[in-house]
Amino acid sequence: DVVVVARATITMLSRQVATAGARVGAARGFSVLTATEEFPGLPSTSPGEKKGSVTSVTTLPSGLTVVTENASLTSTVSLTFPNAGSSSEASSEAGAAIASRYLSFKSGSGLSSALIVRNIEDVGATPFSSAGRRGATVGFTSAKENAAFIAPLLATQCSFEKWDVKEAQQFAAAEAAEATSNAQVSVSDQIYAAAFGAQSAMGRSYYTAGASRAAIISFYERNYILNGAVLAATGIDDHEAFLRMVEEEFPSTAGAAEPSQAAYLGGEARVSAPSTGYAHVALAFEGPTSAPLMNVMKHCLNNGSAMPFAASGIIGVYGGSEPSGASSTVDALSTAVGSAPSADIVAEAKAAAKTEALTALDSGSKSLADAMTASVLDSCGFSAKALAESYDSITADEVAKAHAAMLKSKVSLAAVGDISDVPYQATIASRFG
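Student: How should the overall build of the chain be read in this particular structure?
Tutor: Looking only at helices and strands, the chain features 16 helices and 11 strands. Residues counted as buried form 45% of the 433 residues belonging to the chain. In the chain, the share of contacts with a sequence separation of at least 24, taken over all contacts with a separation of at least 6, comes to 79%.

Student: Explain the packing of aromatic side chains to me, please; I cannot follow it from the model alone.
Tutor: Geometrically, a pair of aromatic rings is defined through the distance of the ring centres and the angle of the planes. Counted according to the given criterion, the structure contains 8 aromatic pairs. Note on Phe196 and Tyr264: the rings are 6.0 Å apart at their centroids and 85° apart in plane angle, and the pair reads as edge-to-face. Separated by 68 residues along the polypeptide, Phe196 in helix H7 (residues 183-196) and Tyr264 in the loop between helix H9 (239-249) and strand E7 (268-272) bring together distant segments of the chain. Classification of Phe196 as buried rests on a relative accessible area of 4%. Taking relative accessible area as the criterion, Tyr264 reaches 14% and is therefore assigned buried. On the basis of an interplanar angle of 0° and a centroid distance of 4.2 Å, the ring pair of Tyr220 and Tyr224 is categorised as stacked. One aromatic cluster in this structure is built from Phe81, Phe160, Tyr220 and Tyr224. Its end group placed over the ring of Tyr192, Arg133 keeps NZ or CZ at 4.1 Å from the ring centre. The aromatic ring of Phe128 is capped on one face by Lys366, whose charged end is 4.6 Å from the ring centroid.

Student: How do you make sense of the pattern of salt bridges when you look at a structure like this?
Tutor: It is possible for side chains bearing opposite charge to pair when their charged atoms get close. Here the structure, examined in full by the defined rule, presents 11 salt bridges. As a salt-bridge pair, Glu167 and Lys106 come within 2.4 Å of each other at their nearest N and O atoms. Residue Glu167 is found in helix H6 (residues 162-180), and its partner Lys106 is found in the loop between helix H3 (96-101) and helix H4 (113-122); the two are separated by 61 residues along the sequence. Relative accessible area serves as the criterion here: at 17%, Lys106 is assigned to the buried category. Between Asp331 and Arg431 there is a salt bridge, with the nearest N and O atoms lying 3.0 Å from each other. Here the residue Asp331 occupies a position in helix H11 (residues 326-338), and Arg431 occupies one in the segment after helix H16 (425-429), the gap between them amounting to 100 residues. Taking relative accessible area as the criterion, Arg431 reaches 37% and is therefore assigned partly exposed.

Student: Please explain the pairing of strand E3 (residues 74-81) as it appears in this structure.
Tutor: Within a regular beta strand, the side chains point alternately toward one face of the sheet and then the other, so they alternate between its two faces. The buried fraction of E3 is high, at 7 of 8 residues. Examined bridge by bridge, E3 and strand E5 (residues 136-143) share 8 bridges and lie antiparallel to one another. Its bridge partner lying in E5, Phe81 is registered against Ala136. Summarising the sheet, E3 and strand E6 (residues 230-233) pair through 4 bridges and their orientation is antiparallel. When the sheet's bridge partners are listed, Val77 is paired in E6 with Ala233.

Student: Help me understand the environment of Ser363, please; the structure alone is not making it clear to me.
Tutor: The topology assignment puts Ser363 in the loop between helix H12 (343-361) and helix H13 (365-379). For Ser363, the side chain forms a polar contact with the main-chain oxygen of Thr359, separated by 2.7 Å.

Student: Would you mind showing me how to read the packing of helix H10 (residues 291-300) against helix H15 (residues 396-408) here?
Tutor: Each pair of packed helices can be described by the angle between their axes along with the distance between the axes. Orientation of H10 relative to H15, taken along the N-to-C sense of each, is 80°, at an axis distance of 11 Å. The angle between H10 and H15 places the two elements in the roughly perpendicular class. For the pair H10 and H15, the contacting residues are Leu293, Val296, Met297 and Cys300 in the first and Val399, Ala402, His403 and Met406 in the second.

Student: Would you mind going over the sheet that holds E6 with me for this structure?
Tutor: Sheet strands pair via backbone hydrogen bonds, and the direction of the pair is either parallel or antiparallel. An order of E1-E2-E6-E3-E5-E4 is seen for the 6 strands of this open sheet, with the pairing classed as mixed. Edge positions in the sheet fall to strand E1 (55-59) and strand E4 (126-131), since each of these pairs with one other strand and no more. Across the sheet, the mean angle separating the axes of adjacent strands is 10° when strand polarity is ignored. Its contacts with the sheet put H9 on E1, strand E2 (65-69), E3 and E6, and the angle it makes with E2 is roughly 145°.

Student: Just checking my understanding: could you explain the environment of Lys401 for this structure?
Tutor: Within the element layout of this structure, Lys401 appears in helix H15. A sequence separation of 61 residues divides Lys401 from Ala340, and the C-alpha atoms of the two residues are 9.8 Å apart.

Student: What is the right way to read a negative patch on the surface from this model?
Tutor: Among the surface-exposed residues, Asp238, Glu240, Glu247, Glu248 and Glu249 lie close enough to one another that they form a single negatively charged patch. Take Glu240: it is sitting in helix H9. The exposure class of Glu240 is partly exposed, given its relative accessible area of 46%.

Student: Looking at this structure, I do not really get the sheet that holds strand E11 (residues 412-417). What am I missing?
Tutor: The 5 strands are arranged E7-E11-E8-E10-E9 in an open sheet whose pairing can be described as mixed. Single-partner strands in this sheet number two, and they are E7 and strand E9 (307-311). Averaged over all pairs of adjacent strands, the angle between their axes in this sheet comes to 15°, without regard to strand direction. In the packing of H7 onto the sheet, contacts are made with E7, strand E8 (279-286), E9, strand E10 (314-321) and E11, and the angle to E11 comes to roughly 150°.

Student: When you look at unusual backbone geometry in this model, what are you seeing that I'm missing?
Tutor: Comment: phi is negative for the bulk of residues other than glycine, and the bulk of peptide bonds are trans. Despite not being glycine, Ser109 has its phi angle at roughly 55°, a positive value. Non-glycine residue Phe160 carries a positive phi angle of around 55°. Topologically, Phe160 is positioned in the loop between helix H5 (147-150) and H6. Here Phe160 falls in the buried class, since its relative accessible area comes to 7%.

Student: Sorry if this is basic, but what is going on with the nonpolar core here?
Tutor: Within soluble globular proteins, side chains that are nonpolar tend to cluster in buried spots. Among the nonpolar cores identified, the biggest contains 48 residues, and Leu64, Val77, Leu79, Leu231, Phe242, Val246 and Phe250 are the most heavily contacted of them. Ignoring anything within four residues of it in the chain, the contact list for Leu231 reads Leu64, Thr65, Val66, Val67, Val77, Ser78, Leu79, Leu154, Phe242, Val246 and Phe250. Within the second largest apolar cluster, 46 residues are counted, among which are Val230, Ala349, Ala402 and Ile419.

Conventions and cut-offs
- Residues numbered from 1 in each chain as written.
- Predicted model: local features only at pLDDT ≥ 70, side-chain atom pairs only at ≥ 80, totals over all residues.
- Heavy atoms only, no water.
- Helix = DSSP H or I, 4+ residues; strand = E, 2+ residues; numbered from the N terminus.
- Buried < 20%, exposed > 50% of the residue type's maximum accessible area, 1.4 Å probe, protein only.
- Contact = heavy atoms within 4.5 Å.
- Phe/Tyr/Trp six-rings, centres within 6.5 Å; stacked < 30°, edge-to-face > 60°.
- Lys NZ or Arg CZ within 6 Å of the ring centre and 35° of its normal.
- Salt bridge = Lys/Arg side-chain N within 4 Å of Asp/Glu carboxyl O.
- Pairing = 2+ DSSP bridges.
- Polar contact = N/O pair within 3.5 Å; in protein donor to acceptor, adjacent residues only side chain to side chain.
- Axes fitted to C-alpha atoms, helices over the stretch in contact; angles between N-to-C directions.
- Parallel < 35°, antiparallel > 145°, perpendicular 65-115°, else oblique.
- Patch = residues over 30% accessible without salt bridge, like charges linked within 9 Å, V, L, I, M, F, W, Y side chains within 5 Å.
- Areas by Shrake-Rupley, 256 points an atom, 1.4 Å probe, with all protein chains shown as cover.
- Lys, Arg positive; Asp, Glu negative; His and termini not counted.
- Charge placed at Lys NZ, Arg CZ, Asp CG, Glu CD.
- Core = buried A, V, L, I, M, F, W, Y, C linked by side-chain atoms within 4.5 Å.

Have a look at this one:
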């Protein structure tokens, strides 16, 4: 029959095609492989459940604390020296902290500046450094696989080549000159001068130029040491392997940097500059030692009429206005800081402060490394769960007591600009009893 013949023909052709396909597959070597077998490392179209971040903290015999986490897609490695800020400067070392920042990634340990920078750039890493009144940090952000390779460059022992020190002095002078023209920086400097005394290390401006070579070397060698420092690294899969690298590559240093002691005084600092046509005013008090409690209190002061701020040791509010409205601005600031927060305000402040802290953990590897360092320096440990709990555990009663204690400290006043109508500190202090 025609139908039977047709079916037989189709069957025969199908077998021929299958046989030919198998020969082609065998010859070319790919048709018999799955996509995963043919392309190793191909991302799964059905990924498994995302694993949570695991954080590990270890303090080495050298005194260096190493904190790592393993979930970041890129790595930021930062080395923080908590006593390398301007508050640790001796009276003869004014300006050494800002200059020392610019000695990061400079010649040392037998390596030239060019070689150090080339090693960092060759792997596509981005270096950074920062400093302030309290501490200094040097680090980089790179691909995860390169982090352990270039991390030892952070521990380079500076050789203070003449050209490196001279360049650092020039960069420091340029940064200080730029900061001097910034009203916000000036207000910040003045509130520290008012709070701690203009002649104290904490009260002096970080933005000071003119440190000598000898002063820079003395400051650097005393404060840029591993004992007491914190090495934070994100995106590290094997904490133990990273520790072994640190123990082998980071040189131990003798002694320990003495933490600076700053006593809160409470006073007044005024800089008259009528030509600015504006009055900048800040009020500050001594703050609590707990960082989470300090952050909650800062948010309690955020009532819309003032801009709250908090730093280690002080908390307060800032405002500005036309010269004629300066007195009203001081009234608004006094009300904002003097009003005891209600339970509702405390609840809102806790939520805002907690959200702010947890958001920082998801704002990139550098932000996470900063948060890890801050937590280790504050509480000697770090975990997202513990961070959240530190805010949840704060009660309205604790905030009320901290607020009352804050007001018992002497108010500090900083005024910059056209300040002829800004009341004096003694007048403002009388409002707080």
